[in-house]
Amino acid sequence: MYRELKTNGGMLPQSRPLEARAADNLHGYGRNGSGRNAAVQQSRGESSTDVRVESSPALAENGVSRVFVLDKRGEPLMPCHPARARKLLAKGRGRVHQMFPFTIRLIDRTREDSSVQPINVKIDPGAKTTGMALVWIEEGVNHVLHLSELTHRGAAIRKKLDQRSNYRRRRRTANLWYRKPRFNNRTRPKGWLPPSLRSRVDNTLSWVKKYQSICPVSGIVLELVRFDIQKLNNPEISGVEYQQGTLFGYEVREYLLERYNRTCIYCQGLSNDPVLEIEHFVPKNPSKGPKGTNSIKNLVIGCKTCNQTKNNYQPEQWMEVLSKSRKKIDKIRLKNLNRLLEGKRPSLAATAAVNATRNALFFELRELAPVECSTGGRTKYNRCRLNISKTHCLDAACTGKIDSVADWKQNVFLIKAMGRGSYQRTRVNKYGFPRGYLMSQKTVHGFATGDIIKACVPSGKKEGTYIGRVAVRKSGSFNIQTKQETIQGISWRYCKIISRQNGYNFAIPNSSPT
Ligand SMILES: [Zn+2]
């Protein structure tokens, strides 16, 4: 009998996340964490995650991002040019307040006797990366003061939670198989988001708050949805921008691409044609039969190949042609055409799930400052009209109703969400058994994992100066992750803190004025 077997026999096969333990590729496991691996010194940190911040394609050709300025009481003033900040620091009128993002504090100025203009935070929320831009608006021109890209850790959170649940599953099935399942009385509060999505919302909120504290933010512009469905059905309601060929076209295209999952509705990508076009289901100029309109109900997405093959046939006509063909692609086309004629279209359920995060973000941002909402269609329209390249942060700068964007060719401040370490103090092997233990204290000689430090080693094999993120060890011999490589075993005596850990890692801009 299954139940008669002792512990290990009753253990269920483990699912994949439990086995995929990247931190655990040292050789030779001792039993229960004893043996030689227990002697391996663990650094207190997230050894399995990559701490590097990936560089952005938008990295500057020219121009620099502004330096944030605070008054003597810590109230935000207008950001200034790095050259001016250098002068202020040299004259002794300012102090360095924080390094990331670089902020100075003037010791002889108050907000009352300075002129402060309104600044908007613009946000383009994304699944992996959120783009943010700080702009100062003067007569319709958006002057970009600061661009940043925030990389989320949604996937990492999901993986960790899967792992935890699998370790628990193993314990319950292996050691506690006789215990009855607990009464399932757990509910989820209203507005609950999965932790991976929650972290995206929280990361973005926390950065908006950070910007509010170092910069006079008066409003937020958020790309809330990909397209504006109300305006699609009713193009007249918003005046000339929404007429055919301008903004309307972009909204329609975004809507259709989203609606039909960015694949050809006829062949579903079988033709391998990457060019997707807007296609009139009932053609505009048919050889016979009724004429199709530009109404959203008559528009679908098709690849160029299918579009040209369909030509100006009525759907019923094309079906006749297709049913004579014996090619595989034509059979698929016929099947899909049939479904379309029956009125079956793909559902928008997946889009709704994506929008849940954006909506949560909107409701929480509204508590901080007035929020203006915009659409992805409008962003794309602005970006194409102003001939601006596509990156997350520039998308953010192009969000909302704007006339033009100035100074957008500049350095991008790169932020990566890292978490603040893990609660679990037991390192486990790939089967979920304990392998070694981490130290319980968070700081060693005043340093914590995630601090950005500068280490000057005066002599020896590792002589040199290193700046980077530290991973602390109890012995006081640290690892430093610099821009290029990881330096192992640097004594705490050589280290000086540049910035305390706050759950984020940064790419250090080249033109930092220090
Ligand atoms: Zn096709």
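Residues numbered from 1 in each chain as written. Predicted model: local features only at pLDDT ≥ 70, side-chain atom pairs only at ≥ 80, totals over all residues.

### Quick look at the overall build of the protein
Then comes step 1: For the protein, the count of helices and strands is 13 helices and 22 strands.
Then comes step 2: Across the protein, contacts joining residues at least 24 apart in sequence account for 70% of those joining residues at least 6 apart. (Helix = DSSP H or I, 4+ residues; strand = E, 2+ residues; numbered from the N terminus. Contact = placed C-beta atoms within 7 Å.)

### Observations regarding the sheet that holds strand S1 (residues 68–70)
Then comes step 1: Taken in spatial order, the 3 strands of this open sheet run S1-S3-S2, and their pairing is mixed. Each having just a single partner strand, S1 and strand S2 (94–98) make up the two edges of the open sheet. Averaged over neighbouring strand pairs, the angle between their axes works out to 35° when direction is ignored.
Then comes step 2: With 3 bridges joining them, S1 and strand S3 (residues 103–106) adopt parallel strand pairing. Its bridge partner being in S3, Phe68 is matched across the sheet by Thr103.
Then comes step 3: Contacts from helix H3 (residues 82–90) reach S2 and S3, with the element oriented near 50° to S3. (Pairing = 2+ DSSP bridges. Axes fitted to C-alpha atoms, helices over the stretch in contact; angles between N-to-C directions.)

### Quick word on the packing of helix H9 (residues 315–324) against helix H10 (residues 328–341)
Then comes step 1: Between H9 and H10, whose axes approach to 9 Å, the crossing angle comes to 150°. Here H10 runs roughly antiparallel to H9, going by the angle between their axes. For H9 against H10, the interelement crossing comes out left-handed. Taking contact as the criterion, the partners of Pro315, Trp318, Met319, Leu322 and Ser323 in H9 are, on H10, Asp330, Arg333, Leu334, Leu337 and Leu341.
Then comes step 2: The residue inventory of the contact of H9 with H10, partitioned by class, reads 7 nonpolar, 1 polar and 2 charged. (Parallel < 35°, antiparallel > 145°, perpendicular 65-115°, else oblique. Left-handed = near helix turned anticlockwise from the far one by under 90°. Nonpolar A, V, L, I, M, F, W, Y, C, P; charged D, E, K, R; others polar.)

### Re the sheet that holds strand S18 (residues 464–471)
Then comes step 1: With respect to topology, 5 strands assemble into an open sheet ordered S20-S19-S18-S17-S21, the strand pairing being antiparallel. The two strands at the open ends of the sheet, each matched to only one other strand, are strand S20 (486–491) and strand S21 (495–499). Across this sheet, the average inter-strand angle for adjacent strands is 45°, counted without regard to direction.
Then comes step 2: As defined by bridge partners, S18 adjoins strand S19 (residues 477–481) across 3 bridges and the pair is classed as antiparallel. Note on S19: the bridge partner recorded for Arg469 is Gln481.

### Here's the deal with the pairing of strand S9 (residues 299–303)
Then comes step 1: Burial within S9 is extensive, with 4 of its 5 residues counted as buried.
Then comes step 2: Of the pairings in the sheet, the one linking strand S8 (residues 276–280) to S9 comprises 5 bridges and is antiparallel in character. Residue His280 lies in a different strand from S9, and its bridge partner there is Leu299. (Buried ≥ 20, exposed ≤ 12 C-beta atoms within 10 Å, placed from the backbone.)

### What to know about helix H4 (residues 154–174)
Then comes step 1: Given a rise of 1.5 Å per residue, 21 residues ought to cover 30 Å, and the 30 Å separating the end C-alpha atoms of H4 matches this to within 8%.
Then comes step 2: When H4 is considered as a whole, its buried residues turn out to be Gly154, Lys160 and Gln163. (Expected span 1.5 Å × (residues − 1).)

### Quick word on the confidence of the model for the protein
Regions with low pLDDT carry predicted coordinates that are not meant to be interpreted in detail.
Then comes step 1: The predicted model of the protein averages 81 in pLDDT, with 81% of residues at 70 or higher.
Then comes step 2: Below pLDDT 50 for its whole length, residues 55–61 participates in 17 contacts with residues either more than four positions away or in separate chains.
Then comes step 3: Low pLDDT (under 50) marks residues 235–244, which in the prediction has 11 contacts with non-local residues, meaning those over four places away or in another chain. (pLDDT = per-residue confidence, 0-100.)

### A short note on the environment of Leu276
Then comes step 1: Mapping Leu276 onto the fold places it in strand S8.
Then comes step 2: You can call Leu276 buried: it has 21 C-beta atoms within 10 Å.
Then comes step 3: In this structure Leu276 touches Arg262, Cys264, Ile301 and Cys303, once residues within four positions along its chain are discounted.

### Some remarks on the pairing of S2
Then comes step 1: Relative to S3, S2 runs antiparallel, the two sharing 4 bridges. Residue pairing for S3: Gly94 is matched across the bridge by Leu106.
Then comes step 2: Once S2 ends, the chain turns through 4 residues before running back antiparallel as S3.

### Description of the packing of H4 against helix H5 (residues 195–214)
Then comes step 1: Between H4 and H5, the least distance of the axes is 8 Å, while the angle of their chain directions is 145°. In this structure, H4 meets H5 at a crossing whose hand is right-handed. Across the interface between the two elements, Gly154, Ile157, Arg158 and Leu161 of H4 pack against Pro195, Ser196, Leu197, Ser199 and Arg200 of H5.

### A few points about H10
Then comes step 1: For H10, with 14 residues, the first-to-last C-alpha span of 20 Å sits near the 20 Å given by 1.5 Å per residue.
Then comes step 2: One or two steps after H10, the chain reaches Gly343, where phi turns positive at roughly 90°.

### As for unusual backbone geometry
Of all residues except glycine, most have a negative phi; of all peptide bonds, most are trans.
Then comes step 1: With an omega of -15°, the peptide bond between Phe100 and Pro101 qualifies as cis.
Then comes step 2: On the secondary structure map, Pro101 appears in the loop between S2 and S3.
Then comes step 3: Of note in the backbone geometry, Asn272 takes a positive phi value of approximately 60° without being a glycine.
Then comes step 4: Looking at the secondary structure, you find Asn272 in the loop between helix H7 (247–259) and S8.

### Quick look at the nonpolar core
Then comes step 1: Among the nonpolar cores identified, the biggest contains 50 residues, and Met132, Ala133, Leu134, Val135, Cys393 and Ala397 are the most heavily contacted of them.
Then comes step 2: With 6 residues, the single largest contributor to this core is H5.
Then comes step 3: If near-sequence neighbours (up to four positions away) are discounted, Met132 is found in contact with Val121, Lys122, Ile123, Ser148, Leu150, Trp207, Cys393 and Ala396.
Then comes step 4: In this structure, Phe248, Val252, Leu256 and Leu322 belong to the second largest nonpolar core, which totals 16 residues. (Core = buried A, V, L, I, M, F, W, Y, C linked by C-beta atoms within 7 Å.)

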